[in-house]
Amino acid sequence: MKLLLKTLFASTVLMATMAAATSVQAGPGRFMEMNAVVKAPIGHKQFCRDNGWACPDERYEPVVVRLDEARWNELIAINAEVNRRIRPMTDEDLFGKVEYWTYPVDGYGDCEEYVLEKQRVLIEAGWPKSALLITVAKDTQNAGHAVLTVRTDHGDMILDNQIEAVLPWYSTPYRYIKRQSARSPLAWTGISDTRVTTVSSVSK
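Caption draft 1: Representation of unusual backbone geometry within the structure. In the Ramachandran plot, aspartate 106 falls in the positive-phi region, its phi being about 55 degrees despite a non-glycine side chain. Unlike most non-glycine residues, asparagine 142 shows phi in positive territory, near 65 degrees. As for its placement among the helices and strands, asparagine 142 is situated in the loop between strand E4 (132-138) and strand E5 (144-152).

Caption draft 2: Broad picture of the sheet that holds strand E8 (residues 175-180). The seven strands lie next to each other as E1-E9-E8-E4-E5-E6-E7, forming an open sheet whose pairing is antiparallel. A strand with exactly one partner marks an edge of an open sheet, and here the two such strands are strand E1 (33-38) and strand E7 (167-168). Pairing of E4 with E8 involves four bridges; the strand directions are antiparallel. Across the sheet, residue threonine 135 finds its bridge partner in E8, namely arginine 179.

Caption draft 3: A look at the environment of asparagine 142. Asparagine 142 sits in the partly exposed class, given a relative accessible area of 25%. Considering only alpha carbons, one finds asparagine 142 and arginine 175, 33 residues apart in sequence, at a separation of 8.6 Å.

Caption draft 4: Fine view of the packing of aromatic side chains. Applying the stated criterion across every chain, the model contains six aromatic pairs. A centroid spacing of 5.4 Å and a plane angle of 75 degrees characterise the contact between phenylalanine 47 and tyrosine 103, whose relative ring orientation is edge-to-face. Taken together, the positions of phenylalanine 47 in helix H2 (residues 42-50) and tyrosine 103 in the loop between helix H4 (91-95) and strand E3 (108-109) put the pair 56 residues apart, joining distant regions of the chain. A network of ring pairs unites the aromatic residues Trp169, Tyr170, Tyr174 and Tyr176 as a single cluster. The positively charged end of arginine 71 is found above the aromatic ring belonging to tryptophan 127, 4.6 Å away from the centroid.

Caption draft 5: Spotlight on the pattern of salt bridges. Inspection of every chain in the model, using the stated rule, returns ten salt bridges. A salt bridge links glutamate 81 to arginine 85, with the nearest nitrogen and oxygen atoms 2.7 Å apart. You can see glutamate 81 and its partner arginine 85 sitting in helix H3 (residues 69-85), four residues apart, about one turn around the helix. The residue arginine 120 makes a salt bridge to glutamate 124 at a minimum N-O spacing of 2.9 Å. One end of the pair, arginine 120, and the other, glutamate 124, are both in helix H5 (residues 111-124), four residues apart, so they sit about a helical turn from each other. On the basis of relative accessible area, glutamate 124 is assigned to the exposed category, the value being 60%.

Parameters at a glance
- Residues numbered from 1 in each chain as written.
- Predicted model: local features only at pLDDT ≥ 70, side-chain atom pairs only at ≥ 80, totals over all residues.
- Heavy atoms only, no water.
- Helix = DSSP H or I, 4+ residues; strand = E, 2+ residues; numbered from the N terminus.
- Pairing = 2+ DSSP bridges.
- Buried < 20%, exposed > 50% of the residue type's maximum accessible area, 1.4 Å probe, protein only.
- Phe/Tyr/Trp six-rings, centres within 6.5 Å; stacked < 30°, edge-to-face > 60°.
- Lys NZ or Arg CZ within 6 Å of the ring centre and 35° of its normal.
- Salt bridge = Lys/Arg side-chain N within 4 Å of Asp/Glu carboxyl O.

Honestly, that's just the spatial picture; any functional story needs more than this.
Shown next as C-alpha cells:
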C-alpha cells in the first residue's frame, strides 16, 4: 500500500513538473485546470430542488484531503461498495425520463445516482464537502457521464461506476467538461481539458 501511494505520488509530481517545465500541451497537472463559472447541469438543479438539504446555500474554504494509507483504503472501499450495491438502470427505465438525478431507488440507478451516493457516504464518513465534487464528462462513446472528483494532496482522483479502480483524473479516458465548485455546492466551474483522449469530439 505504501509503495502504491509512493508510486502514485511520484508519477503525478513528475507529470506536473513536466507540464510546468515545457508547455501546457506536454501533459496534465495533478489537478484539473478550472476556468470560467458555468451553469449547473439541469439534472443537478432538479436534484437540489427535490433535495434542498443536500444543496445548502453555503460557502466553503476549499481543502484537499491528505491521502494517507487509511484514507486511501477507505476511498477504495467506499467506491467498490457503492458500485457493488447499485445495479445500473437508465433514468428512462427507472423514471420514464431521459434525465433525472436522485439517490439510488431500490438499489438501481445510472451514473448520477452512483455519484450522489458516493458523495453522501463519504460526507457521512467525515470527508470534507469541498473535496467531493460532482463532475460531468464525455465518455468514450461521446455520451454524457458523471463521476465524483475527490481533491487530495496527490491530485484529483476519480470515483467512477464504469471503471472500478480509483484513478488520477488524467488516467481516465474521459473528456472533462465541468464540476461543482470547491467553494459552494450550488456553483459550477468549467474545466479546461486539452488532453488527447479516446473521445473523438466533444460538445460543450
